[in-house]
Amino acid sequence: MRRKSVFKTLALTACVVLMQSMIVFADELPVVDETVGVETVETVQTEEIAEAESTEEIEETVETETEVVEDETEVPEEPVTPTDTPRIMYGTVTDTLSASGDYKIYPVPCLQNMYLQAELFIDTNARVDYDLYLIDENFNIITGCDYLANNNGGKRYLTENIGFVNTEPDRYYYLFVFASYFEGTEPKEFTLDYGLTSVIGENEPAEHAADATPVVITPGATNTITGTLNSAIDNDWYVFTMPQFDGDSELCGIHIEANSESETNGVWTEIYTREVRTQDGRSTMSLVSDKITTDPINVGIAPGKTVYLRVSSNKSIYDYDVSSAPKYTVTITTVRRPERGFINYVNGGDKHSYDGYGEGYRIEASESYADIAGQVVSGFGMGMGVNDVDLIVAYITEDGKEYTRHTSTYNAGNFITGITIPKAVGWHVAPAGNGFTDHHFDICRVEVRLASDNSVLASFPVFQLVTSEYIVNP
């Protein structure tokens, strides 16, 4: 199994630390306490931790200095007790690993009944796979996140996130960053953010896909999910199975909207699917929503597919408003599958005919952009427009190269998008129709597909001219 190599690494590390006392911990993580009205500085004596051999010794290394900040506002008759005051502390470190099997360990002071969260970032272009674990002083893995690296087509790597509620007296735990894969010879950077918060959500921990909260999606209904992001690095994951039918109509996707009650902290929503590797059980999380946004999104999902919804903060640890933890509402509605589509125009022009080549839209040689508009519908006859359908619109050149854009339908099932296209070669020639000139052109094609299964809803030829000037017959 996948974690055998990690356990082996931890076991070897334990021998080095406990028997030879040779481990060197990274520098102390800076801590920022955002408790309202109180500033707390917690320091970690890393030299003493390196030599500590018991929990008691570790606990003795914590030094806490508390300074009450004067507040000039009027004191209420019944002052708020410390337990009623949200408390959040953050730390961050940027470091590097240099090879497969390399690792770094960071001690984290964890207070009783506080929720520890950590988030590991790596560069989107880095050809590495770093995993994140939480371990105790005996090198037991408490929790971990070990997604297979996937930069999702250059959009981003999914961060490695973990969460743990410490129910024991104040003590140290250790964040363990491990390079399970590394390509190249130069060290590659990562950023590790961690936080401690007194605000603990109902379904915590739910920091990564393996801890996702199951929900049921009812076709044709407005499905509502509510929750609270308790810090800037909090993640709330949900998992559901995409239904197949809404009555007699097959489904092809979902429409998602997210709203935050906070005026200062918003939320992002992302949709992922999970592919599990059979040899070791590790999973690749594939981002299927086209963008990470606070705006409504439409996502094409095949029926029966397991779907993961990630809700996260749109703020960083530097600008998150601790006094306004965002209570959010996410609504999910299913989208019916359209039976067919229409392409209404390309670059605003009407259809054109050439003798021997039939009918198609025409793009002038001076145009390097194809504006494509159309509609998708269900039912018989002209049909009924289907909104919120996630589409792929493709421009296919005569030599088979594809240029695609994602888009979604809106009012009455309509859509419009633009695609940058290459210049034509001039495979074909036909009379222009005025008796004096010929047109040289390529026969290209526009296709409209369902994003959920890539099935074609509409297709139509396009005559793409080679030059803006007409060529005179010899």
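Quick notes on the rules
All chains use their own residue numbering, which begins from 1 and follows the written sequence. Restriction of local features to residues with pLDDT of at least 70 applies here, the model being predicted, together with a cutoff of 80 or more for giving and counting side-chain atom pairs; totals for whole chains, interfaces and linings are based on all residues. Where side-chain values are given, they derive from all heavy atoms of the structure, hydrogens and water being excluded. Secondary structure follows DSSP: runs of H or I at least 4 residues long count as helices, runs of E at least 2 residues long count as strands, and numbering of each begins at the N terminus. Relative accessibility decides the category of a residue: with a 1.4 Å probe and only protein chains considered, values under 20% of the type maximum give buried, values over 50% give exposed, and everything between is partly exposed. Only heavy atoms matter for contacts: two residues are in contact if any of them lie within 4.5 Å across the pair. Values of accessible area rely on a 1.4 Å probe in the Shrake-Rupley scheme; residue burial ignores everything except the protein chains shown. At least two bridges found by DSSP between two strands is the condition for calling them paired. For helices, the axis comes from a line fit to the C-alpha atoms of the stretch in contact; other axes are also lines fit to C-alpha atoms, and the angle between any two N-to-C directions lies between 0 and 180 degrees. Side-chain atoms alone can form a polar contact between residues adjacent in sequence; in general such a contact is a pair of N or O atoms within 3.5 Å, and within protein one must be able to donate a hydrogen while the other accepts it. Stacked, tilted and edge-to-face are the three classes assigned to paired rings of Phe, Tyr and Trp, where Trp is represented by its six-membered ring and a pair needs centres within 6.5 Å; plane angles under 30 degrees give stacked, over 60 edge-to-face, the rest tilted. Should the NZ of a Lys or the CZ of an Arg lie within 6 Å of a ring centre and within 35 degrees of the ring normal, that charge is described as sitting over the ring. Nonpolar core, defined: a set of buried Ala, Val, Leu, Ile, Met, Phe, Trp, Tyr and Cys residues in which side-chain atoms within 4.5 Å join the residues together. A score from 0 to 100, pLDDT tells how confident the predictor is in each residue.

A. Structural view of the overall build of the protein. For the protein, the count of helices and strands is three helices and 33 strands. Each of the 474 residues in the protein was classed as buried or not, and the buried ones make up 48%. For the protein, the proportion of contacts with a sequence separation of at least 24, taken over those separated by at least 6, is 75%. Total accessible area on the protein is roughly 23000 Å²; 49% of this is exposed by carbon and sulfur atoms.

B. Seen up close, the pairing of strand β23 (residues 351-354). Across four bridges, the pairing between β23 and strand β24 (residues 358-363) is antiparallel. Bridging from a neighbouring strand, Ser353 pairs with Glu359 of β24.

C. Structural detail: the sheet that holds strand β14 (residues 235-241). Strand order in the open sheet formed by five strands is β12-β14-β20-β17-β18, and the pairing between neighbours is mixed. Bordering the open sheet on either side are β12 (213-214) and β18 (283-287), each of which pairs with just one other strand. Sheet topology note: the strand β17 (residues 267-276)/strand β20 (residues 306-313) ladder contains six bridges and is antiparallel. Within β20, the position partnered with Val267 by the bridge is Ser313.

D. Here's a closer look at the sheet that holds strand β7 (residues 128-135). The strand order β5-β10-β7-β8 describes an open sheet built from four strands, whose pairing is antiparallel. Sheet topology places β5 (103-110) and β8 (141-145) at the edges, where each strand pairs with a single neighbour. Averaged over all pairs of adjacent strands, the angle between their axes in this sheet comes to 25°, without regard to strand direction. Here eight bridges tie β5 to strand β10 (residues 171-182), and the two strands are oriented antiparallel to one another. Looking across to β10, one finds that Ile105 is bridged to Phe176.

E. Fine view of the environment of Ser180. Among the structural elements, Ser180 can be located in strand β10. Separated by 52 residues in sequence, Ser180 and Val128 place their C-alpha atoms 7.9 Å apart. Within the structure, the side chain of Ser180 is placed 3.1 Å from the side chain of Asp131, a separation counted as a polar contact.

F. The arrangement of unusual backbone geometry in detail. The linkage connecting Glu204 with the following residue, Pro205, adopts the cis geometry, with an omega of -5°. Tracing the chain through its elements places Pro205 in the loop between β11 (188-197) and β12. In this structure, Asn113 is a non-glycine residue whose phi angle is positive, near 65°. For Asn113, the position within the fold is in the loop between β5 and β6 (114-122). If you check the backbone angles, Phe139 has positive phi at about 65° while not being a glycine. On the secondary structure map, Phe139 appears in the loop between β7 and β8.

G. Broad picture of the packing of aromatic side chains. Under the definition given, this model contains twelve aromatic pairs. Judged by centre distance (5.9 Å) and plane angle (90°), the rings of Tyr130 and Phe190 are edge-to-face. One end of the pair, Tyr130, is in strand β7; the other, Phe190, is in strand β11, and 60 residues separate them in sequence. Residue Phe190 is classed as buried on the basis of its relative accessible area of 1%. When the centroid spacing of 4.7 Å and the interplanar angle of 15° are considered together, the rings of Tyr354 and Phe441 count as stacked. Of this pair, Tyr354 sits in strand β23 while Phe441 is found in strand β31 (residues 437-450), placing the two residues 87 residues apart along the sequence. On the accessibility criterion, Phe441 (0% relative accessible area) is buried. Through a chain of ring-to-ring contacts, three or more aromatic side chains come together here, namely Tyr103, Tyr133, Phe176 and Phe178. Above the plane of the ring of Phe182 lies Lys188, whose end atom (NZ or CZ) is 5.4 Å from the centre.

H. Fine view of the nonpolar core. Core analysis: the largest hydrophobic core is formed by 39 residues, its most contacted members being Tyr130, Leu175, Phe190, Leu192 and Trp237. Within the residue set of this core, elements represented by two or more residues are β4 (88-97), β5, β6, β7, β10, β11, β14 and β18. The residues contacting Tyr130, other than those within four sequence positions of it, are Leu97, Leu120, Ile122, Glu160, Phe178, Ala179, Tyr181, Phe182, Lys188, Glu189 and Phe190. Of all hydrophobic cores here, the second largest spans 25 residues; its members include Leu391, Phe415, Ala458 and Phe460.

I. Up close: the side chain of Asp390. Residue position: Asp390 is located in strand β27 (residues 390-396). The class for Asp390 is buried, based on a relative accessible area of 7%. Separated by 3.0 Å, the side chain of Asp390 and the backbone nitrogen of Gly300 make a polar contact. When residues no more than four places from it in sequence are discounted, the contact partners of Asp390 are Asn298, Val299, Gly300, His406, Thr407, Ser408, Arg449, Leu450 and Ala451.

J. Representation of the confidence of the model for the protein. Looking at the protein, pLDDT values average 79 and 75% of them are 70 or higher. Note that residues 470-474 has pLDDT below 50 and, in this model, ten contacts with residues that lie over four places away or in other chains.

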